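# Fold and geometry: a report
Below are the chains, spelled out letter by letter.
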Amino acid sequence: MSPFFKRAKYELFALHHVQMLVWLQRVQSGMQQGVNKVGPELQQFVLQISHAARVLLFQPMLLHGVQVIRYVHSLPNEETPGSMRQAMLYPAESATDADRVEWLQLNLLLQFQTVYRDALCNTSIYQMTYSSGEANLFQGFLRLEEIYTHLIGRFPACCPLTEQ
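Since this is a predicted model, take the numbers as computed values, not measurements.

### Describing the packing of aromatic side chains
Enumeration according to the criterion identifies two aromatic pairs in this entry. Ring centres of Phe13 and Tyr71 lie 5.9 Å apart, and the angle between their planes is 80°; on these two criteria the pair is classed as edge-to-face. Taken together, the positions of Phe13 in helix H1 (residues 7–31) and Tyr71 in helix H2 (residues 39–73) put the pair 58 residues apart, joining distant regions of the chain. Aromatic pair Tyr90 and Trp103: ring centres 4.8 Å apart, planes at 80°, arrangement edge-to-face. Taken together, the positions of Tyr90 in the loop between helix H3 (84–87) and helix H4 (97–121) and Trp103 in helix H4 put the pair 13 residues apart, joining distant regions of the chain.

### Let's talk about the packing of H1 against helix H5 (residues 132–154)
Orientation of H1 relative to H5, taken along the N-to-C sense of each, is 130°, at an axis distance of 12 Å. Compared by their axis directions, H1 and H5 come out oblique. Note on packing geometry: the crossing formed by H1 with H5 is left-handed. From H1, Leu15, Val18, Leu21, Val22, Gln25 and Gln28 reach across to H5, where they touch Phe138, Phe141 and Tyr148. Each residue belonging to the contact of H1 with H5 can be placed in one class, and the counts come to seven nonpolar, two polar and no charged.

The rules behind the values
Residues numbered from 1 in each chain as written. Predicted model: local features only at pLDDT ≥ 70, side-chain atom pairs only at ≥ 80, totals over all residues. Heavy atoms only, no water. Phe/Tyr/Trp six-rings, centres within 6.5 Å; stacked < 30°, edge-to-face > 60°. Helix = DSSP H or I, 4+ residues; strand = E, 2+ residues; numbered from the N terminus. Axes fitted to C-alpha atoms, helices over the stretch in contact; angles between N-to-C directions. Parallel < 35°, antiparallel > 145°, perpendicular 65-115°, else oblique. Left-handed = near helix turned anticlockwise from the far one by under 90°. Contact = heavy atoms within 4.5 Å. Nonpolar A, V, L, I, M, F, W, Y, C, P; charged D, E, K, R; others polar.

This is the structure in structure tokens:
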């Protein structure tokens, strides 16, 4: 993990990645509605689904890409306090519950990002139907989302979600 990349910014970017995966899934699910359409009805559907893809996926992806590039360009040359390298160290025995929850939260975000990366690198998922393995990948993502949502609800003071 990077000694220069702040944990808070990494968490925000990881959440952006997960949101884009959710939007991709929504667009793909919406595409299934057009399977039996023909003629003007199909043309209208294509316009609607292309608008949804542009608004939900492509524009946010471009914006996120620019944000990442700007942030990476501004990184210092020396280790940053609150860096990912420091955040990844397992909490000491003397750590508080809040410290342990923060560490768990970060690890869940890393798992989210792994799911996202797997989905992004596995080009076969960009089809209108999913294999059982791909369906399991999305189910795993949804389970992670449930865990993360539970953590936020149970420890609201330890899991703030704000723009960094």
